[in-house]
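Each chain is listed here by its residues.
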Amino acid sequence: MSPALRARSPNIIDDIVKRPPPSPSDKAPPQKKLDVKSRPVSEEPTPKAGSPITTPKEKCDLKEVENKENKPSKQDIIDTEVFGQIVDLDEDPSFISMMVNDYIEQVDSTFNKMDQAMEAKDLKEISQLGHFLKGSSAALGVKQVSLTCEKIQNTAKGTLTDKTIEEVTSLLKRVKEEYGAAKIWLLEYCTT
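Residues numbered from 1 in each chain as written. Predicted model: local features only at pLDDT ≥ 70, side-chain atom pairs only at ≥ 80, totals over all residues. Heavy atoms only, no water.

### Remarks on the pattern of salt bridges
Right, on to step 1. Inspection of the entire model under this criterion finds 3 salt bridges.
Right, on to step 2. The shortest N-O distance in the salt bridge between Glu 178 and Arg 174 comes to 3.2 Å. Pair noted here: Glu 178 and Arg 174 are both in helix H9 (residues 162-191), with a separation of 4 residues, about one helical turn.
Right, on to step 3. Owing to a relative accessible area of 24%, Arg 174 belongs among the partly exposed residues under this scheme. (Salt bridge = Lys/Arg side-chain N within 4 Å of Asp/Glu carboxyl O. Helix = DSSP H or I, 4+ residues; strand = E, 2+ residues; numbered from the N terminus. Buried < 20%, exposed > 50% of the residue type's maximum accessible area, 1.4 Å probe, protein only.)

Pasting the structure below:
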């Protein structure tokens, strides 16, 4: 917690705990999620005769194409409930602008460190930086970045192989794109 925030409200935890829960009308309706994994094996599609068998590498490539075509929505980028709680902490609009600017500086600096660690193939450092960025992103409600940083953290804990480097490189590219979308949303919010 920043000293400025602590000075404004020394009992901030008490303020949050005493706050009444949000009314049902404040929450977005739950979204239906398609759970393909729970489908019985008998319903799994079977390859047609003569169709090519897809290798794991090709499946990864297909998923990457699907991910690029299905860009995340604003609800996927920002957890508006978490972000709204931060906004509610202080009525001064400069407070949230300060937090967003600090976050942006932090992410830019962390991405630079991640790039340097990738050049050195330092997976331990990348994992630690992924963990760090996961936490700060989640705290501000930047959920897509947080989720991908968790994948970076866990993937980089693996053994140093060409495959691990390739996976981490792909995840870094993805998280930077997700961050770009989140940054636009955050900056637009701060200017309104």
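### Comments concerning helix H8 (residues 143-155)
Right, on to step 1. The end-to-end C-alpha separation of H8 is 18 Å, in line with the 18 Å expected for 13 residues at 1.5 Å each.
Right, on to step 2. Taken residue by residue, H8 has Gln 144, Val 145, Ser 146, Thr 148, Cys 149, Ile 152, Gln 153 and Thr 155 as its buried positions. (Expected span 1.5 Å × (residues − 1).)

### What to know about the packing of helix H6 (residues 93-119) against helix H7 (residues 123-140)
Right, on to step 1. One can describe the packing of H6 onto H7 by two numbers: an axis separation of 10 Å at closest approach and a directional angle of 165°. When the interaxial angle is binned, H6 and H7 end up roughly antiparallel. When you trace H6 past H7, the crossing you get is left-handed. Between H6 and H7, the residues in contact are Met 99, Tyr 103, Gln 106, Val 107, Thr 110, Phe 111, Lys 113, Met 114, Ala 117 and Met 118 and Glu 125, Ile 126, Leu 129, Gly 130, Phe 132, Leu 133, Ser 136, Ser 137 and Leu 140, respectively.
Right, on to step 2. Residues belonging to the contact of H6 with H7 are distributed by class as follows: 12 nonpolar, 5 polar and 2 charged. (Axes fitted to C-alpha atoms, helices over the stretch in contact; angles between N-to-C directions. Parallel < 35°, antiparallel > 145°, perpendicular 65-115°, else oblique. Left-handed = near helix turned anticlockwise from the far one by under 90°. Contact = heavy atoms within 4.5 Å. Nonpolar A, V, L, I, M, F, W, Y, C, P; charged D, E, K, R; others polar.)

### Re H9
Right, on to step 1. Its 30 residues place the ends of H9 43 Å apart at the C-alpha level, agreeing with the 44 Å of an ideal helix rising 1.5 Å per residue.
Right, on to step 2. Taken together, the buried positions of H9 are occupied by Thr 164, Ile 165, Val 168, Leu 171, Leu 172, Val 175, Glu 178, Tyr 179, Ala 182, Trp 185 and Leu 186.

### Some thoughts on the packing of aromatic side chains
Any aromatic ring pair is given by two values, namely how distant the centres are and how the planes are angled relative to each other.
Right, on to step 1. For the coordinates displayed, the defined rule picks out 5 aromatic pairs.
Right, on to step 2. With a centroid separation of 5.1 Å and an interplanar angle of 80°, the aromatic rings of Phe 83 and Trp 185 are classed as edge-to-face. Placement of Phe 83 in helix H5 (residues 80-89) and of Trp 185 in helix H9 is noted, with a sequence separation of 102 residues between them. Residue Phe 83 shares its accessibility class with Trp 185, and that shared class is buried.
Right, on to step 3. Members of the aromatic cluster, connected to one another through ring pairs, are Phe 83, Trp 185 and Tyr 189. (Phe/Tyr/Trp six-rings, centres within 6.5 Å; stacked < 30°, edge-to-face > 60°.)

### Considering the confidence of the model for the protein
Keep in mind that low pLDDT regions are not for reading the predicted coordinates in detail.
Right, on to step 1. Across the protein, pLDDT averages 75, with 60% of residues at or above 70.
Right, on to step 2. Note on residues 4-19: pLDDT is under 50 here. Beyond four places in sequence and across chains, it has 13 contacts.
Right, on to step 3. Every residue in residues 31-55 is under pLDDT 50, and counting partners more than four places away or in other chains gives 7 contacts. (pLDDT = per-residue confidence, 0-100.)

### Description of the side chain of Ser 146
Right, on to step 1. As for its position among the elements, Ser 146 is in helix H8.
Right, on to step 2. The exposure class of Ser 146 is buried, given its relative accessible area of 9%.
Right, on to step 3. For Ser 146, the side chain forms a polar contact with the main-chain oxygen of Lys 134, separated by 3.1 Å.
Right, on to step 4. Residues in contact with Ser 146, not counting those within four places in the same chain, are Lys 134, Ser 137 and Ala 138. (Polar contact = N/O pair within 3.5 Å; in protein donor to acceptor, adjacent residues only side chain to side chain.)

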